[in-house]
Amino acid sequence: MITEMGILGNLAARFRRESVTLELDDIQALILRSRPEPYVGIHAMLHVDEAEGGRDLVRRLARHVPAASDWTEERDAWMGVALSHAGLRALGLPETALKSFPLAFRQGMAERAEQLRDFGENAPETWEEAFKPGNCHIALTIYARDDEALDRTIERAMEEYDRSHGVTLLGTHRFGADADAKNPFGFRDSISQPTVAGSGVEPQPGQERAIAAGEFILGENSEAGAPVAMPEPSILGRNGSFVVLRKYQSRVGAFNDFVRRHAESEHEQEKLGAKMFGRWRSGAPLVLSPDRDDPELGGDPSRNNDFDFSKDPRGLVCPHSAHMRRLNPRGSELTILTDENIHRIIRRSSTFGPKWSADVSAADDAREDRGIFFIFISARAYDTIEFLQQEWINRGNFIDLGEERDPVVGLHEEPGHFTIPADPVRRRLDGVTTFNRLRGGEYMFMPSLSALDWIGNAGWR
């Protein structure tokens, strides 16, 4: 089990300030700072009704957003601020700046439903009101180590909100997980995180090298050797990043029922779940512990990500269609070639609702509010999520599995199947349904601290 001290101690041990090349004092800490374990937090969605009042709130909140310059140090709580394109427009940014953003961001997540494969029960017309097109202008996220620290930080944020005007609080959603940091299905979450070149942290075991900073921080060189396109003017775009926010209702009971239907003993049920996720519940990867869970391995950040799939080319240990292998094929032979390093993402997902229990069945899903905010940060966020949704999540061609979809986060408009390679004949399990239903989301921009100040003070005037 890894504690907050353990996580920060691991970061501090690998941190070399003399290796820092990024402008950490201008980057929001949330981009580089891992959440604590255990963690609690809150997401707040706001709508700007009047530009001047909205800018006043942005200016006030910016004073409470920590920089990444101390991101390896302990904090009780911290917040991050992100803005939608509709929000930037509502805040009064000039048209030249608004037009400089990527097309997908300008359109917003709902309008990109075709590219995201958000159909049927995941379609935008089914989303919660806060995420309906044009509603969410400002997303405020607070992470904290405990409820007391969270409540103090919420109080400070609400004081700034109450002093402002022209902004409507659409809603809030608290979240949290204990020291095991498990997702709604009971599996340890957000283990695999890239190391960002120039952040001062050396790569973890299992990582060949740090990923070029420009894959995550606008204005820095990317894996292609040059910065990706960023918003203009430079003060608006530089040192910012893009954010994908997707809220899912997790149908834990339906997942439990599926596993029980296809495996008899408790151990076989646990193993089937691990085959679907690619890791055991502790976070131990199947390729390092094929036959049983290993909590010591799962909780060891120096070992739990130190692997690839090159020695499992047929997927006999970890199926090609497993959720983790799909989203990070590391070392797999892919039918459709792609550069894995330009699809790396910084995960900041957050779990809400009751802890997983084996007793939960599909009949309980409608009564219990369980789920996950799938949040990630990348300079290529929108290209990445649309590629993931189209190819790696909702298709199987890249691994020679035709239309087979991700068994955990795929949209299954009709019951699908999950393939487990085996000798002499592979096993195909039918009846996979949509275990995570989309309840809403938005494409966001996380500005630098100087950009927040520029926006808050209408620096374009």
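First, a word on what this report is: a plain description of the structure on this page. Treat the numbers as computed from the prediction; the structure is a model and nothing was measured.

Extensive coverage of strand β2 (residues 77–83) is indicated by the burial of seven of its seven residues. Here β2 shows no split at all, with A77, M79, V81 and L83 on one side and W78, G80 and A82 on the other all buried. Two elements, β2 and strand β3 (residues 138–144), share seven bridges in a ladder whose sense is antiparallel. Counted as the bridge partner of G80 is T141 from β3.

Considering all chains together, one arrives at 35 salt bridges under this definition. Across the pair K132 and E129 runs a salt bridge, and its minimum N-O distance is 3.8 Å. By relative accessible area, K132 is classed as partly exposed at 23%. Judged by relative accessible area, E129 falls into the exposed class, the value being 55%. Linking D423 and R314 is a salt bridge whose minimum nitrogen-to-oxygen distance equals 2.8 Å. Of this pair, D423 sits in the loop between β9 (416–420) and β10 (427–432) while R314 sits in the loop between α12 (295–298) and α13 (323–327), placing them 109 residues apart in sequence. With relative accessibility at 48%, the residue R314 sits in the partly exposed group. Through salt bridges with shared partners, a single network forms among D56, R59, R60, R63, E160 and R163.

A separate point is unusual backbone geometry. Of note, the amide linkage connecting E232 to P233 takes the cis form, showing an omega dihedral of 5°. Checked against the element boundaries, P233 lands in the loop between β4 (167–177) and α9 (234–237). Residue P424 follows D423 across a cis peptide bond; omega there is 0°. Relative to the assigned elements, P424 resides in the loop between β9 and β10. For A181, which is not glycine, the phi torsion reads 50° and is therefore positive. Note that A181 resides in the loop between β4 and α9. Of note, N239 is a non-glycine position whose phi angle comes to about 70°, a positive value. Positionally, N239 belongs in the loop between α9 and β5 (241–250).

For L429, the location among the structural elements is in strand β10. In this structure L429 comes out as buried when scored by relative accessible area, which is 3%. L429 sits 60 residues away from D369 along the chain, and the two C-alpha atoms are 28 Å apart. If sequence neighbours within four positions are ignored, L429 has contacts with F258, H262, L272, G416, H417, F418 and I420.

Cut-offs and rules
- Residues numbered from 1 in each chain as written.
- Predicted model: local features only at pLDDT ≥ 70, side-chain atom pairs only at ≥ 80, totals over all residues.
- Heavy atoms only, no water.
- Buried < 20%, exposed > 50% of the residue type's maximum accessible area, 1.4 Å probe, protein only.
- Helix = DSSP H or I, 4+ residues; strand = E, 2+ residues; numbered from the N terminus.
- Pairing = 2+ DSSP bridges.
- Salt bridge = Lys/Arg side-chain N within 4 Å of Asp/Glu carboxyl O.
- Contact = heavy atoms within 4.5 Å.

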